[in-house]
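A closer look at the structure
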Amino acid sequence: MHQFEKITIEPLKDKFITIVNAANEPFPIVGKVLPKFSDGVWSYEEELYDTPSEIRFPDDKLDWFSYIDSSEKIVLLAFREDACVGQIRLVKDWNRFAYIENIAVKKNYRKSGVGHLLLEAAETWAKEQSLIGLSLEAQNDNLIACRFYAKEGFVLGGVDTLKQSANPNIDLTLYWYKIF
């Protein structure tokens with residue numbers, strides 16, 4: 001992204017519902033996170049794949065109207081001019097974290113700061129809701145996303161070996177946290 005390209009972040013409105021999934025594009029799978037738990041602290045190493053692949057999650061089909069003007073959840077969209085180039089979806093969780101249900105950035109805007117802007121907006125919303133931090137889960141084979149979360153100040157807080165039992169391609173679910 002060039003300096004002259006201004007990105008704005010806006011909450012979901014009725015008129016944006018048709019484009020809410022616009023940022024859902026394929027992403028590369030280049031390796032996986034290998035977590036370790038020692039002395040009460042999670043750490044991890046990376047394992048790169050010999051042959052990277054690419055996947056795309058299905059478009060979310062939710063009651064988008066329920067995210068509009070809600071104090072319990074929000075969708076924030078990143079725009080460059082009139083084009084939606086990113087999305088982050090949050091809900092208040094029982095543990096006083098803002099749980100990130102989804103974050104996506106269009107392929108041509110990745111590594112340009114859009115994801116960072118979305119997380120900043122998410123943090124602002126969470127603080128306005130008197131929440132203590134952000135949380136999310138990621139599959140351990142989404143190495144690029146996990147690198148991004150760590151760069152943005154998230155720490156690995158736990159691992160689930162059973163959540164993806166029905167999916168033979170995913171070993172582990174990783175829980176990431178950013179405490180304010």
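The text that follows walks through the structure, step by step, so that each part is easy to find. (Residues numbered from 1 in each chain as written. Predicted model: local features only at pLDDT ≥ 70, side-chain atom pairs only at ≥ 80, totals over all residues. Heavy atoms only, no water.)

Below, the discussion takes up the overall build of the protein chain. A count of helices and strands for the protein chain gives 2 helices and 9 strands. Shown N-terminal to C-terminal, the secondary structure of the protein chain runs as helices and strands in the order β-β-β-β-β-β-α-β-α-β-β. Since a compact globule built from 180 residues should have a radius of gyration of about 16 Å, the 16 Å found for the protein chain is in line with a globular shape. Oriented by its inertia axes, the alpha-carbon framework of the protein chain measures out at about 45 × 40 × 35 Å. When contacts within the protein chain are restricted to residue pairs at least 6 apart in sequence, those whose partners lie at least 24 apart make up 64%. Surface exposure of the protein chain reaches about 10200 Å², of which carbon and sulfur atoms provide 52%. In the protein chain, the 21 positive side-chain charges and the 27 negative ones have mean positions that sit 3 Å from each other. (Helix = DSSP H or I, 4+ residues; strand = E, 2+ residues; numbered from the N terminus. Rg over C-alpha atoms; globule rule 2.2 N^0.38 Å. Contact = heavy atoms within 4.5 Å. Areas by Shrake-Rupley, 256 points an atom, 1.4 Å probe, with all protein chains shown as cover. Lys, Arg positive; Asp, Glu negative; His and termini not counted. Charge placed at Lys NZ, Arg CZ, Asp CG, Glu CD.)

As a further point, take the packing of aromatic side chains. Following the criterion strictly, the structure yields 9 aromatic pairs and no others. Summarising the aromatic geometry, the rings of Phe27 and Phe57 are spaced 5.1 Å apart at their centres and angled 55 degrees between planes, so their arrangement reads as tilted. Of the two residues, Phe27 sits in strand S2 (residues 27-38) while Phe57 sits in the loop between strand S3 (41-55) and strand S4 (73-80), which places them 30 residues apart along the sequence. On the accessibility criterion, Phe27 (13% relative accessible area) is buried. Judged by centre distance (5.8 Å) and plane angle (40 degrees), the rings of Trp64 and Tyr67 are tilted. (Phe/Tyr/Trp six-rings, centres within 6.5 Å; stacked < 30°, edge-to-face > 60°. Buried < 20%, exposed > 50% of the residue type's maximum accessible area, 1.4 Å probe, protein only.)

Its identity is not glycine, yet Asp69 carries a phi of approximately 60 degrees, on the positive side. Note on placement: Asp69 falls in the loop between S3 and S4. With relative accessibility at 79%, the residue Asp69 sits in the exposed group. The residue Arg96 is not glycine, and still its phi comes out positive at about 70 degrees. Inspection of the secondary structure puts Arg96 in the loop between strand S5 (83-92) and strand S6 (97-105).

A few words now on the pattern of salt bridges. All chains considered together, the criterion is met by 14 salt bridges. Salt-bridge contacts for Glu72 lead to Lys92; the nearest nitrogen and oxygen are separated by 3.7 Å. With a gap of 20 residues between them, Glu72 in the loop between S3 and S4 and Lys92 in strand S5 connect regions that are remote in the sequence. Using a relative accessible area of 43% as the deciding quantity, one classes Glu72 as partly exposed. (Salt bridge = Lys/Arg side-chain N within 4 Å of Asp/Glu carboxyl O.)

Below, the discussion takes up helix H2 (residues 143-151). Among the residues of H2, those classed as buried are Leu143, Ala145, Cys146 and Tyr149. Mapping the buried residues of H2 onto a view down its axis gives an arc of 160 degrees, with all of them on the same face. Check the buried side of H2 and you find it contacts S2, S3, S6, strand S7 (133-139) and strand S9 (173-179). Gly153 lies just past H2 and shows a positive phi near 95 degrees. (Arc of directions from axis to C-beta.)

Time to look at the pairing of S9. Looking down a regular strand, the side chains alternate between one sheet face and the other. Examined bridge by bridge, S7 and S9 share 7 bridges and lie antiparallel to one another. Note that in S9 the partner of Gln139 across the bridge is Thr173. Strand direction decides the pairing type here: strand S8 (residues 155-160) and S9, joined by 5 bridges, are antiparallel. For Leu156, the partnering residue across the bridge sits in S9 and is Trp176. (Pairing = 2+ DSSP bridges.)

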